Amino acid sequence: MKKKIALISGITGQDGFLLAKFLIEKNYIVHGIKRRSSSLHSTVRLDTIYQDKFVKNQSLHLHYGDVSDPAFCCRILKDIKPDELYHLAAQSHVAISFELPHYTASVNSLGTLNLLEAIRINSLEKKTRFYNAGSSEMYGSLKGSSQNEKTPFCPQSPYATSKLFSYWITKNYRESYKIFASNGILFNHESYSRGETFVTRKITMFVAKYNKLKKGTLYLGNLSSKRDWGFAGDYVQGMWKIIQHPKADDFVLATGKSYSVRDFLREAFKCINIEIVFKGKGSKEIGFDLKTKKIIVKSIAHYYRPNEVTNLIGDYSKAKKLLKWKPKTKFKALVKMMVSSDIKGYLQQN
Ligand code: NAP
Ligand code: GDD
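What you see is a predicted model, and the numbers here were worked out from it, not measured in a lab.

**A look at a nonpolar patch on the surface**
Taken together, I96, L100 and Y103 make up a surface patch of nonpolar side chains, about 240 Å² in accessible area. On the secondary structure map, L100 appears in the loop between helix 3 (94-99) and helix 4 (101-121). For L100, a relative accessible area of 40% gives the class partly exposed.

**Considerations on the site of ligand 2**
Around ligand 2, a shell composed of 24 residues is seen, among which S135, Y159, S225, R305 and E308 lie nearest. Between S92 and ligand 2, the recorded distance is 2.6 Å, taken from a backbone N or O atom to an oxygen atom. Between ligand 2 and V199, the relevant distance is 2.8 Å, taken from an oxygen atom to a main-chain nitrogen or oxygen of the residue. Starting from 710 Å² of accessible surface for ligand 2 in isolation, the protein chains cover 95%. Among the residues forming the shell around ligand 2, the class breakdown is 9 nonpolar, 9 polar and 6 charged.

**Some words on the site of ligand 1**
Around ligand 1, a shell composed of 23 residues is seen, among which T12, R35, D66, S92 and Y159 lie nearest. Separating an oxygen atom of ligand 1 from a side-chain N or O atom of T12 is a distance of 2.6 Å. Separating an oxygen atom of ligand 1 from a backbone N or O atom of A90 is a distance of 3.2 Å. Looking at the shell around ligand 1, the elements with two or more residues in it are helix 1 (14-25), strand 5 (129-135) and helix 5 (158-177). Of all the elements, strand 5 adds the most residues to the shell around ligand 1, at 3 residues.

**Quick look at the pairing of strand 11 (residues 250-253)**
Burial of the side chains of strand 11 extends over both faces: D250 and V252 are buried on one face and F251 and L253 on the other. One ladder, built from 4 bridges, connects strand 6 (residues 181-186) with strand 11; its direction is parallel. Looking at strand 11, one finds that G184 is bridged to F251.

**Observations concerning the packing of helix 4 against helix 5**
Closest axis-to-axis distance for the helix 4/helix 5 pair is 8 Å, and the angle between their directions is 15°. Between helix 4 and helix 5, the interaxial angle falls into the category roughly parallel. For helix 4 against helix 5, the interelement crossing comes out right-handed. Contacts between helix 4 and helix 5 involve P101, T104, A105, N108, S109, T112, L113, L116, E117 and R120 from the first element and P158, Y159, S162, K163, F165, S166, I169, T170, Y173 and Y177 from the second. A class-by-class count of the residues in the contact of helix 4 with helix 5 yields 10 nonpolar, 7 polar and 3 charged.

**Considerations on the sheet that holds strand 4 (residues 84-87)**
Strands pair in a sheet through their backbones, by hydrogen bonds, and they do so in one of two ways: parallel or antiparallel. The sheet built from 7 strands is open, its strands ordered 3-2-1-4-5-6-11 with parallel pairing. Edge positions in the sheet fall to strand 3 (60-64) and strand 11, since each of these pairs with one other strand and no more. Going from strand to strand, the sheet's axes swing by 20° on average, the running direction of each strand aside. Across 5 bridges, strand 2 (residues 29-34) lies against strand 3 in parallel orientation. Considered in strand 3, the bridge of I33 is made with H63. Contacting strand 5, strand 6 and strand 11, helix 5 runs over the sheet at an angle of about 150° to strand 6.

**Here's the deal with the pattern of salt bridges**
Per the stated rule, a full pass over the model turns up 14 salt bridges. With a shortest N-O distance of 2.8 Å, R201 and D342 are connected by a salt bridge. With a gap of 141 residues between them, R201 in helix 6 (residues 199-213) and D342 in helix 10 (residues 331-349) connect regions that are remote in the sequence. The pair formed by R201 and D342 is uniform in burial state, with each residue classed as buried. One continuous salt-bridge network, built from bridges that share partners, spans E137, R227 and E308.

**Considerations on the packing of aromatic side chains**
In total, this model carries 17 aromatic pairs according to the counting rule given. Here F22 and W240 contribute two aromatic rings whose centre-to-centre distance is 5.8 Å and whose plane-to-plane angle is 75°, an arrangement assigned as edge-to-face. Of the two residues, F22 sits in helix 1 while W240 sits in helix 7 (residues 232-244), which places them 218 residues apart along the sequence. W240 shares its class with F22; the two are buried. Aromatic side chains F206 and F269 sit 6.4 Å apart centroid to centroid with 65° between the ring planes, which places their arrangement in the edge-to-face category. Note that F206 is positioned in helix 6 and F269 in helix 8 (residues 261-270), a separation of 63 residues in sequence. F269 gets classed as buried once you look at its relative accessible area, which sits at 0%. In textbook terms, an aromatic cluster arises when at least three aromatic residues are bridged by ring pairs, as seen for Y139, F153, Y167, W168 and F187. Sitting above the plane of the W240 ring, K26 keeps its charged end 4.4 Å from the centroid. Above the face of the F180 ring, R129 is positioned so that its terminal group lies 3.9 Å from the ring centre.

Definitions and cut-offs
Residues numbered from 1 in each chain as written. Chains lettered and ligands numbered in written order. Predicted model: local features only at pLDDT ≥ 70, side-chain atom pairs only at ≥ 80, totals over all residues. Heavy atoms only, no water. Patch = residues over 30% accessible without salt bridge, like charges linked within 9 Å, V, L, I, M, F, W, Y side chains within 5 Å. Areas by Shrake-Rupley, 256 points an atom, 1.4 Å probe, with all protein chains shown as cover. Salt bridge = Lys/Arg side-chain N within 4 Å of Asp/Glu carboxyl O. Helix = DSSP H or I, 4+ residues; strand = E, 2+ residues; numbered from the N terminus. Buried < 20%, exposed > 50% of the residue type's maximum accessible area, 1.4 Å probe, protein only. Near = heavy atom within 4 Å. Polar contact = N/O pair within 3.5 Å; in protein donor to acceptor, adjacent residues only side chain to side chain. Nonpolar A, V, L, I, M, F, W, Y, C, P; charged D, E, K, R; others polar. Pairing = 2+ DSSP bridges. Axes fitted to C-alpha atoms, helices over the stretch in contact; angles between N-to-C directions. Parallel < 35°, antiparallel > 145°, perpendicular 65-115°, else oblique. Left-handed = near helix turned anticlockwise from the far one by under 90°. Contact = heavy atoms within 4.5 Å. Phe/Tyr/Trp six-rings, centres within 6.5 Å; stacked < 30°, edge-to-face > 60°. Lys NZ or Arg CZ within 6 Å of the ring centre and 35° of its normal.

Quick look at the structure:
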């Protein structure tokens, strides 16, 4: 049988890597867009699945490009003509979007438009199914008990606002040009491959180092902020299911449970047998080792955002019913998986 062809924008990121791995295991030929970088570091996640480009019959192909370049988007779609296009490329850091709002909007909003236009210009409306990486950040802080596909959006950052354009333009191209274009509205999902400056990975990498050195301070922002944290491996399967569904549509993927940054810290330090307790409030809060009384965590104003989404909880019942998708990995197992992986990584490197 002819192998399906997938194109992934953002293949060098956490989700892009895990999705590429998943699709290759499903016998796809995967093409990915990577940005030119001055070092090889940006493709480090892909090292385990990449073979030299001169090896015959390989499943993974990388192409230099940038989604903010419309000519490139048109050319890559013309050349590859993918069955499925997973658009994951983004300036995905919420705090950084306050520092780089224009750049964030141009990559996240226009990048999506460029790819949709490329499908249309190349007359691939009937051939290419399009997945857009929408975000729970589009909702802003939780008002009721949970957020689903019908909850009104109320973006609280340049990132969330840029993702809303992306969400609506995907819906618009679905309705106007009959493109199979679906939005995933994904709540936070983490893994051993998570970017090092997102809070979960920042914590687990610190815990791994602290486990060995027994010293140092971890500086963080708002410890009271709550997120619905799932495992990225479960979510890339959800992306694939969204694209396999008979009808293009929008789906929330989440766990339905939320935990604070403080909860994440407690659980992560528990993995190295440290009971961490907290004292103080806001940017004066500290976390210390109950046994030794050493201060390990400090909340500082520097890491606070100009506007904070205080809580997010997703209701994934539509995905459960129509896609038969549900998250398999629980919070504690996720934290343990990330800490164990970082401990192993730290010990190998030091
Ligand atoms: P990530 O690790 O930050 O990866 C982002 C990817 O986009 C990287 O491959 C990055 O390339 C690429 N990229 C950035 N700007 C680009 C450009 N102009 N042209 C081409 N590629 C570009 O993000 P992630 O966690 O995997 O998330 C994937 C997508 O899902 C993002 O759109 C994110 O906003 C969205 N999302 C994520 C979550 C989550 O919790 N992880 C939840 C909801 C939505 P470099 O490696 O070169 O930087
Ligand atoms: N990054 C970071 N660094 N966040 C911190 C810190 C810190 O030092 N201290 C506290 N936090 C808080 C943030 O204020 C936020 O409330 C929470 O930890 C999670 O922050 P991030 O891990 O940066 O993720 P995010 O929720 O802002 O955004 C992620 O999830 C979105 C989906 O809801 C990203 O992956 C987005 O791309 C994604 O759309």
